[in-house]
Each structure stands twice: as C-alpha cells, then as structure tokens.
Amino acid sequence: MSEFTFLAGDAHWWRQAVIYQIYPRSFADSNGDGIGDLKGIISRVPYLKQLGVDAVWMSPFYPSALADGGYDVDDYRDIDPRIGTLAEFDELIDALHANGMRLIADIVPNHSGSGHKWFQEALKAAPGSPERDRYIFRDGKGENGEIRPSELASHFGPTAWTRITEPDGTPGQWYMHLFASEQPDWNWDNEEVRADFRKTVKFWCDRGVDGFRVDVAHALVKDLSNGHLPERQSYDVSVMKNDGTDDLFDRDEVHKIYASWREIFNEYNPPRMAVAEAWVHSNRLPAYASEKGLGQSFSFDMLGAGWDAQRVHELAANALQRAKDNGSSNTWVLSNHDIIRHATRFGVDGQFDAGKWFKANRFNPKVNVKQGLERATAMTALLLALPGSTYLYQGEELGLQEAMEIPDELMQDPQFFRNPDLGLSRDGCRVPLPWVANHKWFGFGEGGSHLPQPEWYKNYAVDVEDADPNSTLNLYRKAIGLRKGLETAEELTWIKHWFSKTILHFKRPNGWHSITNFGTKPVKLPKGRVLLSTLPLVGGKLPANATAWVQA
Ligand code: GLC
Ligand code: CA
C-alpha cells in the first residue's frame, strides 16, 4: 500500500498547500457510462501535475444512491462500483504520490445514506432497539403519532423528519435528517457509531490517504437530552449560538470526537491532516482548527466579500489573525461544489444573493462574463499570494462559468426539488469538465455526460486553453508554479495607498508584492520585477480588475 518515503516526514505540508477539489463523477469518464471515475482521474494525473497543485481533495466516492451527489454514503469503507474499485483507489493514491501530490478524502459523519446497512437494520428493528439507537428515531406527536416530533426544517427544505412504515406495515416512528430524507442523521451519543467512524478513519489512513475534509463538521452532536428536540427554520449562522451551547450546531462536545480522530491521525507519518467544513461563528472556528482537533477549518468569509478592497482586506486580516492565534494556517476558498462559480458571481454587480439571483436569472442569466472572469482570476491570484492554503475547485482553472441551462428534468440536486420556492440548484457547477473542444462530450468520456454540457463549454476546453498562452489555464499554471518558488514565512505586511481605497497591496517577507486594482483606473506598480499580471499591463500600469505580483 502507498506509503512513499519521499512524501513522508513533512508534517506541515498542508499549511501552504494548493489543493484541487475533484468532484469525481464529473471529472473524467474512462468507460463511457457518462459518470466520471477513478480511472478517469488516474488518466489525468499528468494534468494535475502540470497544474502544479500539492494535493487533491476528492468529494465522496463511496457507494451511494446519489440522493445528494454522493454525500449520502451507503458504505464508508468501499468505493461506488460505478466509480471504481479499492484496487483502483490504491492505484490513484500511488499515481498521485509518485507525482508529488497528496490525497484528501471527504468524510461524511453527520448522516449516512438511507441504503446504509445500519439504517436498513434500524428500519427492520423495533422502536427502542439498539439498531434504532444508532440514528435519531422518535415517536410522532398527536393521537396516532402522525405529527412530526418537532418543527425542525431540513437544510434543503422543508422538514427534517420523515415517518417510516414499521415492519408490520403500520405507520411508525420518525427519523431526523438535517439534509435530504435519504440522509438520516447518526446518533453521535451512540458509542457504536463513534467506534465505527474511528474504524473508517483508520481504514483510509491505512490505505495511504493523506487527510480528510470533514463534511458539516459542526453538526454531529445535538442536544437531545430529556426528550428535547431542536426546532428551527433557518440554518443560518446568524441564528446559531456562539458559545457552544446551541442545541443543534457547533456544540462544545463535538471536539471530543475530533480529538479521538486526532489520536489516530497522529499514529501516522506524517500525521494525517484534516479540514473542517464548519459553518459557525468565526470566534468558534479555531477550536476545529486546533492541533488537538482537525487542525484546519475552512474559512468561507471570502465567499461573501464581493469586489470590495476594504472588505477583502478586513476579512483577510481577521482570518489570518485567527489562524495565527491558533497556530493553524488559514484556508482560502472562492469556489466549491456547493456554490455558484466565482467567475459568474463576479460577473454580477452588487451584493450577490445566490438564491435570489438564481431564481431571477435561471433562464436568462445577466452576467458580464468578461468582468466576471477578470475579477475572478484577480481574486484567485490575490488569495494565492496570501499565507495559508488555497482550495481550488475543478474547472475554475479554465475560467468556467456556472452552467445555467440545465432543464428541470435533468437536475440532480435535492435542494432544487425539496425547496421549489427557492429553486436553487448546485448542479451548474457540477457539470462534467470540457477537456477537448471538438468532441461530442468535450472529451469527458465516450458515452455522454450525466449533466448536460452547454455548447459554450468548447471555448473553455483544456485543449484550447492549453494552446493559448494567455488562457486562464496557463495563468493558473504560472501562478501556482511561481508561488511554489516564492514560498516564504507565513507573514505579510499590508501596504497602504493614501491616494486610493481601491488598491489592495501587501508584501511577503521575501519581497513578494501582490497588488490588486479594485478601482476603475490603471495604477502604478511598486518598483521591481513583474512576475505575474492577470491582465496585460497598460503603459506599465496595472489595469482595473487585475492583480499583479512584483518581486521587489
Ligand atoms: C456539505 C456538502 C454538501 C452536502 C451537505 C450534506 O455541505 O458540501 O454538498 O449536500 O454537506 O452532506
Ligand atoms: Ca465511468
């Protein structure tokens, strides 16, 4: 199994890493069934190597009914046969390691899929049985238990409770699911559940996985004591308590679980890393990123920053301070499989509200594509210059826009169906990648694409961008390559421009400057060698909507 000595040893590789997220079913299809697979990813290892990333984070690849794109896991210690086999998984790890890259697996501990063996056993067992105790089953209210146990909404809408039919055919108990009904929540008060997850963590560590991305890491422990059941309609952080006593999210006790995983991670060389997907108040993030816990947590602040120098500055400075106080390193994120691609977001002026925008624009998107791409790459270059690790999402290196033209009947996102009022779908960023412009499925595979690829994808295909020295792909390659050579202490100095509030400028200890022009007029660059500019300079100046790196 994969334990490459040349990669072992560096316990801090993740602190300043560039990590590339792969949504496996939409990356590359090797056998023409329309679904991306492990062999497809293996075939693209040279592409990843050329891009220069340090690690790959793979969204779930486990057996799943795909009620939520694989985040409904039916077996935590196996591979979806449509995606591949464990032997191919080993092959992928070996191929990545041999090329100097790491692999981060997605682990989904808040809920399983409803096809999970233990959920199926729970359905067959009696109320109050040990089988039911692994999940959150409760009797309904009302004379015949016909009223749901509490007024708790699902994150995807509407309710978080589903009633089952008991084995004898009568309407029975209800179970809690914070997400889709095919995603029953685990009962983390149950010791068997805890032990089984430790087994899963160990299983993948033994297989050579270098780290984990922990899905909804803040939700596992809930206050269900003395018959209490949480009730709430919104999962917004603003309605969450920020002191560890919220009854549904971010409870202090959750860190005990991660401390026990940390013990396992530290048995390996190098210790396995982990990053928490925790949507919590920022004062609560450090606990997830503690070295006694997962070690790192996503900071999603930049998603809401918009195109605003002051705001980006404030958010970056706060996030860096937080990470520093905690001994962790910050994570920068602009896109992932859950949000509208940032090239599209930046093509829309003003505060971006995904739900409202999607509804109003679905059939006639008003996006300034040029501005969107310029600002998106400027922001990416800015974040790549900051201390910390940067998470990239597949396709952003091509400058892909959100695919808006998916008809209702081809949508897959449960959120789209469970919450028709919102009508928001995450499928537009999950459309299979374009590799070859002149090909029926844009080189994704030979047998179609599980989500329809729009016609304009051809302009963003890898072969087209590869051949164009000014493409987004070549810009990403250059920026990531340069960054590697520029690695320096995890510090920075902000440089104020008294004449402008629309320039964001900082320098790293080795004299590496990053300047972003959030204004409308070209600005002068500091003295030194221009290493990179996301747009061509105009008379030696940095144009609007661009970032430059200068070596002083
Ligand atoms: C996380 C995932 C998202 C998924 C949800 C439920 O937020 O990123 O894709 O739907 O958890 O597992
Ligand atoms: Ca396939």
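Anything mentioned here points back to the structure above.
## Comments concerning the pattern of salt bridges
- Enumeration over the complete set of coordinates arrives at 35 salt bridges.
- A salt bridge links R322 to D301; the nearest nitrogen and oxygen atoms lie 3.4 Å apart. With R322 in helix α9 (residues 309-326) and D301 in the loop between β9 (295-297) and α9, this residue pair connects regions lying 21 residues apart in the sequence.
- Overall, R322 belongs to the buried group, its relative accessible area being 15%.
- Taken together, the shared-partner salt bridges in this structure form one network comprising D68, D338, D413, R426 and R430.

## A closer look at the site of ligand 1
- With respect to spatial proximity, 13 residues lie near ligand 1, and among them D68, H111, D215, E277 and D338 are the closest.
- D338 places a polar side-chain atom, nitrogen or oxygen, 2.4 Å from an oxygen atom of ligand 1.
- The side chain of R426 places a nitrogen or oxygen atom 3.0 Å from an oxygen atom of ligand 1.
- Considered on its own, ligand 1 offers 310 Å² of accessible surface; in the complex 96% of this is hidden by protein.
- A class-by-class count of the residues in the shell around ligand 1 yields three nonpolar, three polar and seven charged.

## Quick notes on the coordination of the calcium ion (ligand 2)
- Around the calcium ion (ligand 2), the protein contributes the donor atoms D29 (OD), N31 (OD1), D33 (OD), I35 (O) and D37 (OD), at 2.2 to 2.3 Å from the metal centre.
- The sequence motif formed by the donor residues of the calcium ion (ligand 2) is D-x1-N-x1-D-x1-I-x1-D.
- For D33, a relative accessible area of 36% puts it in the partly exposed group.

## With respect to the packing of aromatic side chains
- Following the criterion strictly, the structure yields 40 aromatic pairs and no others.
- The interplanar angle of 85° and the centroid separation of 6.0 Å between the aromatic rings of W186 and F197 together place this pair among those described as edge-to-face. Residue W186 is located in the loop between β6 (171-176) and α6 (191-206), and its partner F197 is located in helix α6; the two are separated by eleven residues in the primary sequence.
- Take W186: its relative accessible area is 1%, and that puts it in the buried class.
- Between F298 and Y391, the ring centres sit 4.8 Å apart and the planes meet at 75°, which makes this aromatic pair edge-to-face. Linking F298 in the loop between β9 and α9 with Y391 in strand β11 (residues 389-393), this pair joins segments that are 93 residues apart in sequence. Of the two residues examined, F298 and Y391, each falls in the buried class.
- The ring of W435 carries the charged tip of R44 above its face, separated from the ring centre by 4.0 Å.

Parameters and conventions
- Residues numbered from 1 in each chain as written.
- Chains lettered and ligands numbered in written order.
- Predicted model: local features only at pLDDT ≥ 70, side-chain atom pairs only at ≥ 80, totals over all residues.
- Heavy atoms only, no water.
- Salt bridge = Lys/Arg side-chain N within 4 Å of Asp/Glu carboxyl O.
- Helix = DSSP H or I, 4+ residues; strand = E, 2+ residues; numbered from the N terminus.
- Buried < 20%, exposed > 50% of the residue type's maximum accessible area, 1.4 Å probe, protein only.
- Near = heavy atom within 4 Å.
- Polar contact = N/O pair within 3.5 Å; in protein donor to acceptor, adjacent residues only side chain to side chain.
- Areas by Shrake-Rupley, 256 points an atom, 1.4 Å probe, with all protein chains shown as cover.
- Nonpolar A, V, L, I, M, F, W, Y, C, P; charged D, E, K, R; others polar.
- Donors = N, O, S within 2.8 Å, 3.2 Å for Na, K, Ca; no water.
- Phe/Tyr/Trp six-rings, centres within 6.5 Å; stacked < 30°, edge-to-face > 60°.
- Lys NZ or Arg CZ within 6 Å of the ring centre and 35° of its normal.

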